[in-house]
Amino acid sequence: MSSNSHNNALLKSLMQNMAISGSRAGYTAKLEQLPVTADMIRAESKKDPLLSQVYKYTVSGLWPPITDKSSQISFFHNRRDQLSFVADCIMFNDRIVIPSSLKARVLKMIHRAHPGIVRMKQLARSLVYWPSIDKDIENMVRSCDQCASVAKNPIKNTLCSWPIPTAPWQRVHADYAGPLDGTYYLVVVDAFSKWPEVVPTTSITTTATINILRKMFAQFGDPETLVTDNGTQFTSSVFETFCKDRGITHSRSPPFHPQSNGQAERFVDTVKRSLGKLKGEENADTALYVFLQSYRSTPCTASPNGSTPAENFIGRKIRTFLDQLLPKDQIPNSHDIEMEKQFNKQHGARSRSYQVGEKVYVKDYRNINTATWIPGTIQKRIGQTLYRVTVNDTVWTRHANQLRRREAPIQFDVPLDTMDTIDVTPTATQLPSSSTPSTPSPVNTPAKPKTPPPKQTRKSTRITNQPPRFVMKPNQKSYH
Ligand SMILES: [Zn+2]
């Protein structure tokens, strides 16, 4: 058992308070909680005066000098090299740019599980952008009643340092939290990835604990080391046998070092605070799983590379309701990336990168009625997938997907029935309609592979058009 019984009492009273004050707010929140999707962002961006300008300047590559450095447009001007389009949404690197009208709702989405300021910013940085987003996040968290009412306990000074694990599930820390409304929570944290497991239970006996761990270990395997405190369920001989049979080294916090299970205890505190924050809005079970999904899918500074616990534990991002914010082509998953590699290997596809001075065709968005590709020359590579391209006397910024090698055969007239999406090419002064500003796939596309065609990586799926060797149907079910 955790020794934090005073914390439990505090938490319980907080949760009771919130169950009352939160219910009314919870109702209103539900109506506004319909998730914002990429489609909505695209539509609202077109009505947004600022983003219309950004769109115009980005497609033309012609940014006027910005005199007012504090203006909103100046934020985008400073980042112009990292702006591009995916499925007609404006992207800042991998983040979708949010129009003013949707900022509040997007903030609400990201704040769903009440992550603190730091984690909320990290989450935002993997998804969305607008000028002053960091400040808006700070203001939102500071003005959130639930967040304020469950302030963080002062972190105990942890002198004990466990060896740094080199793989997931090598060492796990376990501790009980609760009871909260009669329910205990067995909290298990993987020391490597910080992937948490939290199992509600009404009984905390050795038998109950073993039953929970047996299930968990069936799923993830036996850890090499299990760290617990000296709770009676962990000190029994039956528990020792359970560990010994599985070759698990059971390490209990030595009496002279009560903080050595600090990892689990800190997390127990995080769990308790998070459940407390959600309690007014959700029932306890829902709150738990909202929290778990959010925690596992939020970039974590204590997890290797600052990636999400999910990435470090199961090797991929997990899809959450926040993924609706991004255009579908933007969301990669490791399986698809593997398939793509395989496909590229089999079909000899090269990744598209261009050399300085290379002659290319450039996507021309200036006039809707003319051919959409014109000759240009690569002037400079300015990012993983972005290039400066000289076209006549001007310089445009283009994504690799908006470029083609000039020796590649280009066919402009493509029958409509070969197209996956309706082609609408924006003019420089007017935002296009909701479909992608793509040219159709060229007709000289090779025969479609028997295996499902690859979804491309995050970088290469900024599709506005396809090189001849790829076949991709953005609307095809199997991609999603
Ligand atoms: Zn909050």
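What you see is a predicted model; the values in this text were computed from it and never measured.

Cut-offs applied
Residues numbered from 1 in each chain as written. Predicted model: local features only at pLDDT ≥ 70, side-chain atom pairs only at ≥ 80, totals over all residues. Helix = DSSP H or I, 4+ residues; strand = E, 2+ residues; numbered from the N terminus. Buried ≥ 20, exposed ≤ 12 C-beta atoms within 10 Å, placed from the backbone. Contact = placed C-beta atoms within 7 Å. Pairing = 2+ DSSP bridges. Axes fitted to C-alpha atoms, helices over the stretch in contact; angles between N-to-C directions. Left-handed = near helix turned anticlockwise from the far one by under 90°. Arc of directions from axis to C-beta. Core = buried A, V, L, I, M, F, W, Y, C linked by C-beta atoms within 7 Å. pLDDT = per-residue confidence, 0-100.

Enquirer: What's the story with the overall build of the protein chain in this structure? I'm lost.
Expert: In terms of helices and strands, the protein chain carries 15 helices and 14 strands. The 480 residues of the protein chain split such that 39% are buried. Restricting the contact set of the protein chain to residue pairs at least 6 apart, pairs at least 24 apart contribute 64%.

Enquirer: I tried to follow the sheet that holds strand β11 (residues 373–381) on my own but got confused; where do I start?
Expert: The strands that make up a sheet pair up through hydrogen bonds in the backbone, lying either parallel or antiparallel. Overall, antiparallel pairing links the 5 strands, which are arranged β13-β12-β11-β10-β14 in an open sheet. The outermost strands of the open sheet, each flanked by one partner alone, are β13 (394–399) and β14 (403–405). When strand polarity is set aside, the average angle formed by the axes of neighbouring strands in this sheet is 45°. Relative to β11, strand β10 (residues 359–363) runs antiparallel, the two being bridged by 5 bridges. Among the inter-strand pairings, Y361 is bridged to a residue of β11, identified as P375.

Enquirer: Sorry if this is basic, but what is going on with the pairing of strand β8 (residues 225–228) here?
Expert: Relative to β8, strand β5 (residues 171–180) is paired through 3 bridges, and the arrangement is parallel. Counterpart to R171 in the pairing with β8 is T225. In this structure, β8 lies alongside strand β9 (residues 249–252), joined through 4 bridges in parallel fashion. Each bridged residue has a counterpart across the sheet, and for T228 the counterpart in β9 is R252.

Enquirer: Would you explain the packing of helix α6 (residues 117–125) against helix α7 (residues 133–142) in this entry?
Expert: What describes two packed helices is the angle between their axes and the distance between those same axes. At their nearest, the axes of α6 and α7 sit 10 Å apart, and the two run at 140° to each other. Viewed along their axes, α6 and α7 form a crossing whose handedness is right-handed. Packed against α6, whose contacting residues are I117, M120, K121 and A124, the element α7 presents I133, D134, I137, E138 and V141 at the interface.

Enquirer: Looking at this model, I keep getting lost on helix α5 (residues 100–110). Mind explaining?
Expert: Side chains of residues three or four places apart in an α-helix project in the same direction, reflecting 3.6 residues per turn. Looking at α5, one finds that the buried residues are L102, V106, L107, M109 and I110. One face of α5 carries all of its buried residues, which in axial projection span an arc of 155°. Contact partners of the buried residues in α5: α2 (38–47), α6, β4 (128–129) and α7.

Enquirer: I'm lost on the nonpolar core in this one. Help?
Expert: Most often, soluble globular proteins have nonpolar side chains that are buried together. If you look at the biggest cluster of nonpolar residues, it comprises 38 residues, and the most contacted ones within it are C89, I90, I96, I98, V106 and L325. Residues in contact with V106, not counting those within four places in the same chain, are V36, I98, V128 and L325. Core analysis: the next-biggest nonpolar cluster, separate from the first, contains 31 residues, V172, Y176, V187 and L288 among them.

Enquirer: What is the right way to read the sheet that holds β5 from this model?
Expert: If you walk across this open sheet you meet the 5 strands as β7-β6-β5-β8-β9, and the pairing is mixed. A strand with exactly one partner marks an edge of an open sheet, and here the two such strands are β7 (196–201) and β9. Strand-to-strand twist in this sheet, taken as the mean axis angle between neighbours without regard to direction, amounts to 25°. Pairing of β5 with strand β6 (residues 183–190), which is carried by 7 bridges, proceeds in the antiparallel orientation. Residue L180 lies in a different strand from β6, and its bridge partner there is T183. Lying over the sheet, helix α9 (residues 206–220) contacts β6 and β7, oriented at roughly 140° with respect to β7. In the packing of helix α13 (residues 284–296) onto the sheet, the strands contacted are β6 and β7, and the crossing angle to β7 comes to about 170°.

Enquirer: Sorry, what's going on with the confidence of the model for the protein chain here?
Expert: The predicted model of the protein chain has a mean per-residue pLDDT of 74, with 66% of residues at 70 or higher. The weakest mean pLDDT in the protein chain belongs to helix α1 (residues 5–32) at 40; the strongest belongs to α9 at 97. Segment residues 1–31: pLDDT under 50, and 40 contacts once partners within four positions in sequence are set aside and those in other chains are kept. Across residues 331–337 the pLDDT falls below 50, and counting only partners more than four positions away or on other chains, this stretch makes 14 contacts in the model.

Enquirer: What should I look at first to understand α2 in this one?
Expert: All of the buried residues in α2 are A38, I41, R42 and S45. When α2 is viewed along its axis, its buried side chains cluster within an angular range of 100° and face the same direction. Buried residues along α2 sit against α3 (49–60), β2 (89–92), β3 (95–97) and α5.

Enquirer: Help me out: how do you make sense of the environment of K380 in this one?
Expert: Relative to the helices and strands, K380 resides in strand β11. Measuring from C-alpha to C-alpha, the distance between K380 and G357 comes to 8.2 Å, with 23 residues separating the pair along the chain. Sequence-distant contacts of K380, that is, excluding residues within four places in its chain, are made with V356, Y387 and R388.

Enquirer: When you look at the pairing of strand β12 (residues 386–391) in this model, what are you seeing that I'm missing?
Expert: Each regular strand carries side chains that alternate between the two faces of the sheet. In terms of strand pairing, β11 meets β12 through 4 bridges, oriented antiparallel. Its bridge partner lying in β12, K380 is registered against R388. With 6 bridges connecting them, β12 and β13 associate as antiparallel partners. In the strand pairing of β13, Y387 is matched with R398. Between β12 and β13, which follow one another and run antiparallel, lie 2 residues, and N392 among them has a positive phi close to 50°.

Enquirer: Honestly, the environment of Y57 in this entry has me stumped. Any pointers?
Expert: If you trace the backbone, Y57 turns up in helix α3. Along the backbone, Y57 and R80 are 23 residues apart, and their C-alpha atoms lie at a distance of 8.9 Å. The residues contacting Y57, other than those within four sequence positions of it, are L62 and W63.

Enquirer: Teacher, can you tell me more about the environment of D175 here?
Expert: Within the secondary structure, D175 sits in strand β5. Sequence-wise, D175 and E265 are 90 residues apart; in three dimensions their C-alpha atoms are separated by 6.8 Å.

Enquirer: I keep staring at unusual backbone geometry and nothing clicks. Help me out?
Expert: The phi angle of most residues is negative, glycine excepted, and most peptide bonds adopt the trans form. The peptide bond linking G178 to P179 adopts the cis configuration, its omega dihedral lying at 5°. Locating P179 in the fold gives a position in strand β5. The phi dihedral of S132 is positive, around 70°, even though this residue is not glycine. Along the chain, S132 falls in the loop between β4 and α7. Since 11 C-beta atoms lie within 10 Å of it, S132 is described here as exposed. One non-glycine residue with positive phi stands out, namely N305, at about 65°.

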